[in-house]
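Now for the letters of each chain:
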Amino acid sequence: MSFNRPDIIRPPSEWKSYFLPLTSGCSNNTCTFCGYYGSKLQVRDVEDIKSEIDALALFKRRDLRLHNVSDVVYAVAQGWEGKRIFLQDGDALVYPFPKLKEVLQYLNEKLTGIERIGTYATPQDILQRSLDELKELRRLKMSIFYTGLETGDDELLQKIGKGVRSDQVIEAGEKVKEAGITFSATVILGIGGVEGSKKHALKTAEVLTKMDTDYVGALTLTLVPGTPLYEQWVRNEFQPISPVQSLEELKVIIENSSFTDCFFSSMHASNYLSVRGKLPQDKDRMLRELEKVLAAGDPSLLRPELLRGL
Ligand code: SF4
């Protein structure tokens, strides 16, 4: 079966990257809110990946396009500055380790200007790798993992089908840091709905504090048709929070968490308001920004629903 190239769904900070698919779908396809729910994991053939790397190298070095290479490759490569690679898809770290090493070695050999390679990684995938394996990936320039914590509330984690507990996410984060790889944790505003909102925000702050991670990215829940959570909403079993409540959750998380040195942001297109800064030093400023918008109660200060993205 030929490989289905996935759409590009990326963290905001990967906008300068070339997007190289290793898999499509997600091996942990049980999260009730996610568009990858029920997806079938497809693992791309190494030789196919190497052909794309060859085509990319030829294009960057000599501006040559091959007729048998997908237009997507050149569309993505067009403005690429040759420094960052993002490995797709939902959890590319699941790619078999020897083959993953082979791909990284090939990338480094063919594209010598590469400075950093990033990917989405589930806590389960991270915990399956040994510390030495993670260090080996780091040596091959894999330097950032984006991992969904989603919430620090264990009951909620179970409810949304993450298949992992918060202490396992903490353990995964520690292992990644020990390997010298940056760990960027994602949390989802609104994932507990109205009923679970307060507990979700407080528990998330608690777990983020324990993780003391370098990067935290907040997203806001978007109900995706076809997912179990969407169906729950249709059946009136899940009540989504309002845009204003999402800012309140964000405020509670920032207020109640503490970090040594963390870049915290809500820059993702799904959010109603973009707030960002270094914690702890920008905490007061970030809280003031949120309080100002909350006090104004003016919907025009929020990102319009139509402009929100996944
Ligand atoms: S692990 Fe991540 S990508 Fe996979 S289904 Fe869950 S949220 Fe989606």
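Preceding this section is the structure that the text describes.
Please read these numbers as outputs of a predicted model, since none were measured by experiment. (Residues numbered from 1 in each chain as written. Predicted model: local features only at pLDDT ≥ 70, side-chain atom pairs only at ≥ 80, totals over all residues. Heavy atoms only, no water.)

S.K.: Report on the overall build of the chain, specifying residues and quantitative values.
M.R.: A tally of helices and strands in the chain yields 11 helices and 10 strands. Its C-alpha atoms give the chain a radius of gyration of 20 Å, within 12% of the compact-globule value 19 Å for 310 residues. Classification of the 310 residues of the chain by burial places 52% in the buried group. Counting only contacts in the chain whose residues sit at least 6 apart along the sequence, the fraction spanning at least 24 positions is 75%. Carbon and sulfur atoms make up 49% of the accessible area of the chain, which amounts to about 14600 Å² in all. For the chain, the distance from the average position of its 40 positive side-chain charges to the average position of its 43 negative side-chain charges is 4 Å. (Helix = DSSP H or I, 4+ residues; strand = E, 2+ residues; numbered from the N terminus. Rg over C-alpha atoms; globule rule 2.2 N^0.38 Å. Buried < 20%, exposed > 50% of the residue type's maximum accessible area, 1.4 Å probe, protein only. Contact = heavy atoms within 4.5 Å. Areas by Shrake-Rupley, 256 points an atom, 1.4 Å probe, with all protein chains shown as cover. Lys, Arg positive; Asp, Glu negative; His and termini not counted. Charge placed at Lys NZ, Arg CZ, Asp CG, Glu CD.)

S.K.: How would you summarise the site of the ligand if you had to cite specific residues and measurements?
M.R.: Close contacts around the ligand come from Cys-26, Asn-28, Asn-29, Cys-31, Phe-33, Cys-34, Tyr-36, Thr-122, Glu-150 and Lys-162, and that covers them all. Split by residue class, the shell around the ligand holds five nonpolar, three polar and two charged. (Near = heavy atom within 4 Å. Nonpolar A, V, L, I, M, F, W, Y, C, P; charged D, E, K, R; others polar.)

S.K.: Tell me about the packing of helix H10 (residues 243-256) against helix H11 (residues 283-296), and please be specific about residues and values.
M.R.: Running from N to C, H10 and H11 cross one another at 160 degrees; their axes reach a closest spacing of 10 Å. Accordingly, the angle class assigned to the pair H10 and H11 is roughly antiparallel. Crossing of H10 over H11 shows left-handed handedness. Each of Val-244, Leu-247, Glu-248, Leu-250, Lys-251, Ile-254 and Glu-255 in H10 lies in contact with H11, whose residues at this interface are Lys-283, Met-286, Leu-287, Leu-290, Glu-291, Val-293 and Leu-294. (Axes fitted to C-alpha atoms, helices over the stretch in contact; angles between N-to-C directions. Parallel < 35°, antiparallel > 145°, perpendicular 65-115°, else oblique. Left-handed = near helix turned anticlockwise from the far one by under 90°.)

S.K.: Run through the sheet that holds strand E1 (residues 18-21), naming residues and quoting values.
M.R.: An order of E1-E4-E5-E6-E7-E8-E9-E10 is seen for the eight strands of this open sheet, with the pairing classed as mixed. Here the strands that pair on one side only, and so sit at the sheet edges, are E1 and strand E10 (276-279). Across this sheet, the average inter-strand angle for adjacent strands is 25 degrees, counted without regard to direction. In terms of strand pairing, strand E9 (residues 262-265) meets E10 through four bridges, oriented antiparallel. By the bridge assignment, Cys-262 is partnered in E10 with Leu-279. (Pairing = 2+ DSSP bridges.)

S.K.: Describe helix H5 (residues 131-139), and please don't skip the residues or the numbers.
M.R.: Three- or four-residue spacings in an α-helix give side chains the same orientation, since the helix completes a turn every 3.6 residues. Residues of H5 that are buried: Leu-134, Glu-136 and Leu-137. Relative to the axis of H5, the buried residues are bounded by an arc of 155 degrees and lie together on one face. For H5, exposure combined with an orientation more than 90 degrees from the buried face picks out Asp-132 and Arg-139. Residues of H5 that are buried sit in contact with helix H3 (97-110), helix H4 (123-128), strand E6 (142-150) and helix H7 (166-178). (Arc of directions from axis to C-beta.)

S.K.: Describe in detail the pairing of strand E4 (residues 84-88), supporting the description with residues and values.
M.R.: Counting buried residues in E4 gives four out of five residues, a clear majority hidden from the surface. Strand direction decides the pairing type here: E1 and E4, joined by four bridges, are parallel. Of the residues in E4, the one forming a bridge with Pro-21 is Gln-88. Sheet analysis places E4 next to strand E5 (residues 116-120), joined by four bridges and oriented parallel. Directly across from Ile-85, in E5, lies its bridge partner Ile-117. Following the backbone out of E4, through H3 and into the adjacent parallel E5, one traces a crossover that is right-handed. (Right-handed = clockwise from strand over helix to strand, strands pointing away.)

S.K.: Mind laying out the packing of H7 against helix H8 (residues 193-211), listing which residues take part and the relevant values?
M.R.: Close contact between H7 and H8 brings their axes to 9 Å; oriented N to C, the two are set at 25 degrees. It follows that H7 is roughly parallel to H8 by the angle criterion. The handedness of the crossing between H7 and H8 comes out as right-handed. Together, Ser-166, Val-169, Ile-170 and Lys-177 of H7 and Val-207, Lys-210 and Met-211 of H8 make up the contact between the two elements. Across the contact of H7 with H8, the residue classes break down as four nonpolar, one polar and two charged.

S.K.: Describe the pattern of salt bridges, with residues and values.
M.R.: This model, assessed by the stated rule, comprises 21 salt bridges. We note a salt bridge from Glu-255 to Lys-251, for which the minimum N-O separation is 3.4 Å. Placement of the pair is Glu-255 and Lys-251 together in helix H10, with a separation of four residues, close to one helical turn. The class for Glu-255 is partly exposed, based on a relative accessible area of 35%. (Salt bridge = Lys/Arg side-chain N within 4 Å of Asp/Glu carboxyl O.)

S.K.: I'd like to hear about the environment of Asp-153, residue by residue, with values.
M.R.: Tracing the backbone through its elements, the reader meets Asp-153 in the loop between E6 and helix H6 (154-159). A relative accessible area of 6% means that Asp-153 is categorised as buried. Through-space distance from the C-alpha of Asp-153 to that of Val-164 is 11 Å; in sequence the pair is 11 residues apart. What Asp-153 contacts, discounting residues up to four positions off in sequence, is Lys-199, His-200 and Lys-203. Within polar-contact distance, the side chain of Asp-153 engages the backbone nitrogen of Glu-155 at 3.1 Å. (Polar contact = N/O pair within 3.5 Å; in protein donor to acceptor, adjacent residues only side chain to side chain.)

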